[in-house]
Protein chains: 2
Amino acid sequence: MIEAVAEQTTKDRIVEACLETLKEEGFAGTSARAIARRGGFNQALIFYHFGTLNDLLLAALDRTSERRLSAYRAALAAAESVEEKVASATRLYRDDLASGHVTVVSEMIAGSLSRPDLGPEVVARMDPWIDFVEESVREPLDRAGLSSVLPPRTAAFMVVSLTLGVNLLWHLERDQTKAEALFEAAGRIARMLAPAFGGSDG
Amino acid sequence: MIEAVAEQTTKDRIVEACLETLKEEGFAGTSARAIARRGGFNQALIFYHFGTLNDLLLAALDRTSERRLSAYRAALAAAESVEEKVASATRLYRDDLASGHVTVVSEMIAGSLSRPDLGPEVVARMDPWIDFVEESVREPLDRAGLSSVLPPRTAAFMVVSLTLGVNLLWHLERDQTKAEALFEAAGRIARMLAPAFGGSDG
DNA sequence: GTCTATACTTGGATAGAC
DNA sequence: GTCTATCCAAGTATAGAC
């Protein structure tokens with residue numbers, strides 16, 4: 001972990017090329033050969049540095065997941081009301097859909113459905129996201145007196161599932177209008193419910 | 001379409017074997033060889049009867065989709081209140097998760113992410129489901145005065161996305177508790193909102 | 001319509017020179 | 001650490017006998 005500042009190592013370049021390939025060509029298109037082609041390095045390097053393609057895929061998932069999760073954490077921490085939280089989360093997610101960051105997560109989840117050895121590893125990497133959403137919704141739900149009818153953990157699972165589903169359909173259709181309609185509805189609902197959630201500090 | 005009553009044609013057997021394979025081995029495990037092995041027929045028959053594997057996959061998707069959609073339609077038509085509708089839909093979906101029927105849909109959607117030629121075809125087959133959900137939620141939303149904040153079409157897209165996401169996570173985790181928690185919350189929410197949706201006839 | 005045999009392709013992974 | 005060359009497995013699809 002001393003390489004922090006220095007220029008990119010080969011290992012880094014491989015991870016980045018893997019992410020690019022996942023975004024551009026999808027999970028099934030992300031073969032060792034395709035990654036090497038895109039990154040402009042030799043295919044054998046992947047196996048030298050990561051052992052197997054699965055391990056590279058997981059390393060890439062880790063990297064993008066950490067990166068994005070901390071962006072979401074920062075944005076929600078800065079938001080001062082439920083409305084603002086919904087607004088920032090929407091903004092971030094919209095960017096992710098367009099730029100393909102969270103997309104990588106969806107591709108990996110969808111893809112790992114069919115690889116028994118990858119599935120459990122990918123699932124484990126969802127937990128931080130569910131935890132994060134849970135933390136974010138606990139207080140608002142409590143204030144609105146909804147925790148008993150909709151426990152924060154369940155709500156978090158719901159949000160993550162929905163996010164995942166929207167992402168998949170987005171990629172199949174490449175039709176922004178449906179997702180946009182969802183974002184707009186989320187904003188209206190947040191504004192409608194704002195009083196119930198209480199507005200004093202958070 | 002005259003074969004309605006007679007015993008199964010080979011084509012039928014192939015479609016059924018394809019569905020079985022999708023359920024048992026997932027999308028990536030559903031190769032022509034695997035289907036033939038499971039169905040106990042020769043691999044070449046698939047190509048004789050369907051031309052390509054993609055066409056067989058779509059035929060299988062059509063069959064299960066029609067079958068299940070009509071089951072949902074019938075169940076919801078029989079239900080007499082919003083609570084009952086939520087209860088029947090939950091019951092059906094729970095069965096689907098366990099038996100793997102709607103699962104096939106999820107597998108196909110996730111899998112077709114990576115096959116450019118399959119994606120659009122699969123998407124087209126989602127529309128009847130979105131239409132169905134839209135019809136189902138329109139009246140309750142109208143009555144509750146929520147249609148302007150959450151249009152029926154958007155709500156339908158949301159429900160379908162959520163369903164899809166839950167299905168994917170279910171398959172990765174094989175952990176019923178999370179999905180069950182969601183079902184229970186749905187029931188509580190339905191009961192809570194029942195008065196707002198009006199109780200006279202439907 | 002159904003079978004065997006096989007052509008062809010792609011992809012993961014490794015050996016071994018440098 | 002990086003390269004070339006290659007092995008091997010699995011898959012789609014087709015040819016051609018029956």
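Keep in mind that this is a model prediction, so the values were computed, not measured. (Residues numbered from 1 in each chain as written. Chains lettered and ligands numbered in written order. Predicted model: local features only at pLDDT ≥ 70, side-chain atom pairs only at ≥ 80, totals over all residues. Heavy atoms only, no water.)

Visitor: Explain the relation of the copies chain B and chain A here, please?
Guide: The pair of chain copies shares a relation made of a rotation about an axis and a shift along it. With an axial shift of 0.0 Å and an RMSD of 0.0 Å, the rotation relating chain B to chain A amounts to 180°. Such a combination of turn and shift is consistent with a two-fold rotation axis. Counting the interface residues of chain B, we find that 100% of their copies in chain A are interface residues as well, pointing to one common contact surface. (Least-squares fit on C-alpha atoms with pLDDT ≥ 70 in both. Contact = heavy atoms within 4.5 Å.)

Visitor: How should the protein's contact with DNA strand D be read in this particular structure?
Guide: Around DNA strand D sit 14 residues in total, of which Thr10, Asn42 and His49 of chain A together with Arg33 and Leu53 of chain B are the nearest. For DNA strand D, the backbone portion of the atoms within 4 Å of the protein, that is sugar and phosphate, comes to 57%. Taking Arg33 of chain B, its side chain carries an N or O atom lying 3.3 Å from a base oxygen of DNA strand D. Here a phosphate oxygen of DNA strand D and a backbone polar atom of Leu53 of chain B are 3.0 Å apart. At the level of elements, helix 3 (43–50) of chain A together with helix 2 (32–39) and helix 3 (43–50) of chain B are the ones that each hand at least two residues to the surface near DNA strand D. Ranked by residues supplied to the surface near DNA strand D, first place goes to helix 3 of chain A with four residues. Here the surface near DNA strand D is built from residues that sort into seven nonpolar, six polar and one charged. (Near = heavy atom within 4 Å. Polar contact = N/O pair within 3.5 Å; in protein donor to acceptor, adjacent residues only side chain to side chain. Helix = DSSP H or I, 4+ residues; strand = E, 2+ residues; numbered from the N terminus. Nonpolar A, V, L, I, M, F, W, Y, C, P; charged D, E, K, R; others polar.)

Visitor: Help me out: how do you make sense of the interface of chain B and chain A in this one?
Guide: Quoted interface sizes are often the accessible area lost when the parts come together. Contacts between the two partners involve 39 residues from chain B, matched on the other side by 39 residues from chain A. Contact with chain A buries surface across chain B, with Leu113, Phe157 and Leu172 of chain B losing the most and accounting together for 20% of the total. Here chain B is connected to chain A by zero salt bridges. Where chain B packs against chain A, one counts four residue pairs in polar contact (both at pLDDT 80 or more). Contributing elements (two or more residues each) for the side of chain B that touches chain A: helix 6 (101–112), helix 7 (119–124), helix 8 (127–143), helix 9 (152–173) and helix 10 (176–197) of chain B. When residues of the side of chain B that touches chain A are assigned to their parent elements, the largest contribution, 14 residues, is made by helix 9 of chain B. (Buried area = accessible area lost by both parts, 1.4 Å probe. Salt bridge = Lys/Arg side-chain N within 4 Å of Asp/Glu carboxyl O.)

Visitor: Just checking my understanding: could you explain the packing of helix 5 (residues 82–99) of chain A against helix 10 (residues 176–197) of chain A for this structure?
Guide: Between two packed helices, both the angle of their axes relative to each other and the distance between the axes serve to describe the pair. Residue and element names in this part refer to chain A. At their nearest, the axes of helix 5 and helix 10 sit 8 Å apart, and the two run at 165° to each other. The orientation of helix 5 relative to helix 10 falls into the category roughly antiparallel. In the crossing of helix 5 with helix 10, the sense of the turn from one axis to the other is right-handed. Across the interface between the two elements, Val82, Glu83, Val86, Thr90, Tyr93, Arg94 and Leu97 from helix 5 touch Ala179, Glu180, Phe183, Ala186, Gly187, Ala190, Arg191, Ala194 and Phe197 from helix 10. A breakdown of the residues in the contact of helix 5 with helix 10 according to their chemical character gives 10 nonpolar, two polar and four charged. (Axes fitted to C-alpha atoms, helices over the stretch in contact; angles between N-to-C directions. Parallel < 35°, antiparallel > 145°, perpendicular 65-115°, else oblique. Left-handed = near helix turned anticlockwise from the far one by under 90°.)

Visitor: When you look at the protein's contact with DNA strand C in this model, what are you seeing that I'm missing?
Guide: Neighbouring DNA strand C are 14 residues; Ala32, Arg33 and Leu53 of chain A together with Thr10 and Asn42 of chain B lie closest to it. Sugar and phosphate atoms represent 56% of those atoms of DNA strand C found within 4 Å of the protein. Gln43 of chain A is positioned such that a nitrogen or oxygen atom in its side chain is 3.2 Å from a base nitrogen of DNA strand C. Between DNA strand C and His49 of chain B there is a distance of 3.0 Å, counted from a phosphate oxygen to a side-chain nitrogen or oxygen. Only helix 2 (32–39) and helix 3 of chain A together with helix 3 of chain B provide two or more residues apiece to the surface near DNA strand C. With four residues, helix 3 of chain B is the largest single contributor of residues to the surface near DNA strand C.

Visitor: How do you make sense of the pattern of salt bridges when you look at a structure like this?
Guide: Oppositely charged side chains can form a pair if their charged atoms are brought close together. Applying the stated criterion across every chain yields a total of 30 salt bridges over all chains. Across the pair Arg143 of chain A and Glu139 of chain A runs a salt bridge, and its minimum N-O distance is 2.7 Å. Pair noted here: Arg143 of chain A and Glu139 of chain A are both in helix 8 (residues 127–143), with a separation of four residues, about one helical turn. Given a relative accessible area of 31%, Arg143 of chain A falls into the partly exposed group. Between Glu134 of chain B and Arg153 of chain B there is a salt bridge; the shortest N-O distance is 2.5 Å. Residue Glu134 of chain B is found in helix 8, and its partner Arg153 of chain B is found in helix 9; the two are separated by 19 residues along the sequence. With a relative accessible area of 32%, Arg153 of chain B lands in the partly exposed category. Taken together, the shared-partner salt bridges in this structure form one network comprising Asp12, Glu16, Arg63 and Arg67 of chain A. (Buried < 20%, exposed > 50% of the residue type's maximum accessible area, 1.4 Å probe, protein only.)

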